[in-house]
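Notes for the structure review
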Amino acid sequence: MLLLFCASRHGKVKILIAKTLTIRKMETNENTAQEQPAPPQLYNPAEVEQIVGHLTSGVFDPEYILMFGKLVGGTRFSDPMAYDLLMVVRETPSYDWIQAKRYLRYQMPLRHREITYINIYILPLNYVEGNNSPFLYFTHNEGKLIYCKDRHYFHPKKLCNFAAAYCDAKFHFDTFSELGMLYLEKAYSEYVEGRKLRPTALFTAQAAIYFYHTLYYVYHGYEFDIHDPVVMHERMRTLSAELMLVLDDNHIDYNFTLPCLKGFMQKAAYNLNFDVAPKELEMHMARVEKMGDIIQRLCEMRLELYEERKE
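Note that the coordinates shown come from a computational prediction; the quantities given were computed from them, not determined experimentally.

1. Things to note about the overall build of the protein
Along the protein, the regular secondary structure elements total 11 helices and 4 strands. Counting every position in the protein, which comprises 311 residues, the buried fraction comes to 43%. If you take every contact in the protein between residues at least 6 apart in sequence, the share linking residues at least 24 apart comes to 73%. Accessible surface for the protein amounts to roughly 17500 Å². Of this, 55% is attributable to carbon and sulfur atoms.

2. Here we look at the confidence of the model for the protein
Summary statistics for the protein give a mean pLDDT of 87 and a share of 86% for residues scoring 70 or more. At the low end of the mean pLDDT range in the protein sits helix α1 (residues 2–35), at 44; at the high end sits helix α7 (residues 197–220), at 97.

3. Remarks on the packing of aromatic side chains
Summed over all chains, the structure comprises 20 aromatic pairs. Summarising the aromatic geometry, the rings of F77 and F135 are spaced 5.6 Å apart at their centres and angled 80° between planes, so their arrangement reads as edge-to-face. In this pair, F77 is assigned in the loop between β1 (62–68) and β2 (82–89) and F135 in helix α5 (residues 134–142), connecting sequence segments 58 residues apart. Among the residues examined, F77 registers a relative accessible area of 3% and is labelled buried.

4. Points about the side chain of D248
With respect to the helices, strands and loops of the structure, D248 is situated in the loop between α9 (241–247) and α10 (257–267). The buried category is assigned to D248, whose relative accessible area is 16%. Among the polar contacts made by the side chain of D248, one reaches the side chain of H233 at a distance of 2.5 Å.

5. Re the side chain of S78
Along the polypeptide, S78 turns up in the loop between β1 and β2. What makes S78 buried here is its relative accessible area of 2%. Of note is the side chain of S78, whose polar atom sits 3.0 Å from the side chain of N119. At a separation of 3.1 Å, a polar atom in the side chain of S78 contacts the side chain of T238. Leaving out residues up to four positions away in the same chain, S78 has contacts with K70, D84, N119, T238 and L239.

6. Focus on helix α2 (residues 45–55)
All buried positions along α2 are accounted for by E47, V48, I51, V52, H54 and L55. Considered in projection along α2, the buried side chains sweep an arc of 165° and stay on one side of the axis. Looking at the buried residues of α2, the elements they touch are β1, β2, α3 (97–107), β3 (117–124) and β4 (144–148). Of the residues that open α2, the one with a side-chain oxygen 3.0 Å from the backbone nitrogen of A46 is N44.

7. What about the sheet that holds β3?
Read across the sheet, 4 strands follow the order β3-β2-β1-β4 without closing on themselves; strand pairing throughout is mixed. For this open sheet the edge positions go to β3 and β4, each flanked by a neighbour on one side alone. Pairs of neighbouring strands in the sheet enclose a mean axial angle of 20°, with direction left out of account. Pairing geometry for β1 and β2, over 6 bridges, is antiparallel. Bridge pairing in β2 places L66 opposite L86. In the packing of α5 onto the sheet, the strands contacted are β1, β2, β3 and β4, and the crossing angle to β1 comes to about 90°.

8. Overview of the packing of α10 against helix α11 (residues 278–309)
Interhelical geometry of α10 versus α11 gives an angle of 105° and a closest axis separation of 11 Å. When the axes of α10 and α11 are compared, the pair comes out roughly perpendicular. Where α10 approaches α11, its residues T257, C260, L261 and F264 are matched on the opposing element by E280, L281, H284, R287 and V288. Per-class residue counts for the contact of α10 with α11 are 5 nonpolar, 2 polar and 2 charged.

9. Details of the pattern of salt bridges
Applying the stated criterion across every chain yields a total of 12 salt bridges. Of the charged contacts in the structure, one is a salt bridge between R90 and E63, with a shortest N-O distance of 3.3 Å. Note that R90 is positioned in the loop between β2 and α3 and E63 in strand β1, a separation of 27 residues in sequence. Look at R90 and you get partly exposed, because its relative accessible area is 42%. Its relative accessible area of 0% is what places E63 among the buried residues. Measuring nitrogen to oxygen at the nearest pair gives 2.7 Å for the salt bridge that ties E242 to R297. Placement of E242 in helix α9 and of R297 in helix α11 is noted, with a sequence separation of 55 residues between them. Salt bridges linked by common partners bring D61, E63, R90 and K149 together as one network.

Rules used throughout
Residues numbered from 1 in each chain as written. Predicted model: local features only at pLDDT ≥ 70, side-chain atom pairs only at ≥ 80, totals over all residues. Heavy atoms only, no water. Helix = DSSP H or I, 4+ residues; strand = E, 2+ residues; numbered from the N terminus. Buried < 20%, exposed > 50% of the residue type's maximum accessible area, 1.4 Å probe, protein only. Contact = heavy atoms within 4.5 Å. Areas by Shrake-Rupley, 256 points an atom, 1.4 Å probe, with all protein chains shown as cover. pLDDT = per-residue confidence, 0-100. Phe/Tyr/Trp six-rings, centres within 6.5 Å; stacked < 30°, edge-to-face > 60°. Polar contact = N/O pair within 3.5 Å; in protein donor to acceptor, adjacent residues only side chain to side chain. Arc of directions from axis to C-beta. Pairing = 2+ DSSP bridges. Axes fitted to C-alpha atoms, helices over the stretch in contact; angles between N-to-C directions. Parallel < 35°, antiparallel > 145°, perpendicular 65-115°, else oblique. Nonpolar A, V, L, I, M, F, W, Y, C, P; charged D, E, K, R; others polar. Salt bridge = Lys/Arg side-chain N within 4 Å of Asp/Glu carboxyl O.

Now the structure itself:
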């Protein structure tokens, strides 16, 4: 009887010890969870409110505005720190995205901003409701609603057929990236074989435009309706800090490749007396080649993302 009593008592002690350890472990986990710091805020909410206030002051009259991308923990659309905003409007506004960026620059000078770059996409409501591209999927499913009209019922969830989106983007990438590389090869060929500066300049500019069109379509799922390399770069520059490094004018080394490419498209095609310094043309060709390599890598990474989401 004594042995049974001791064994029983010993078993109770073991149970009590196990329960005590479990409670302590739970308390430790709770304390650890409570002590974990919240993820750092990547933007100043007051600055976002200021941006929204300017965009809704009567100039644009949006239905709703979404902030998406890296700042809100979503799929990255800007490599450097930037406010990526989708502004959905019912009626086409008087001002486009370029003028919207200028307007914000007037209202909020760069020296007073905590985050320098603001990317605004302006899309009509009927387009947003009638399409399910990866761009709309990421902006609506991962973005943060920072403004919405009372009369508009916001539907945040968007569907996307990533298998179809992948095939479409891959076809566009294979076709137009290849055309860009072909034009660049023709530019080098004309320059090396006969120092034909006019066709070399024209082919170099055409290669850059094809590269930009490829990048925009892969990321957004629809065509970019402007063929000006200066405007195209302004639209897509923050997709890659490396792209900005190659082509942005920093007012130190006077990077004027983009305006020159624009001039090549306007002058080299029609002016038989077109002329350019060979060394200058070599520099522009080298930058466009770097640009093509960067854009190819960006497109391949985005296509991999679409392929992963197919499952």
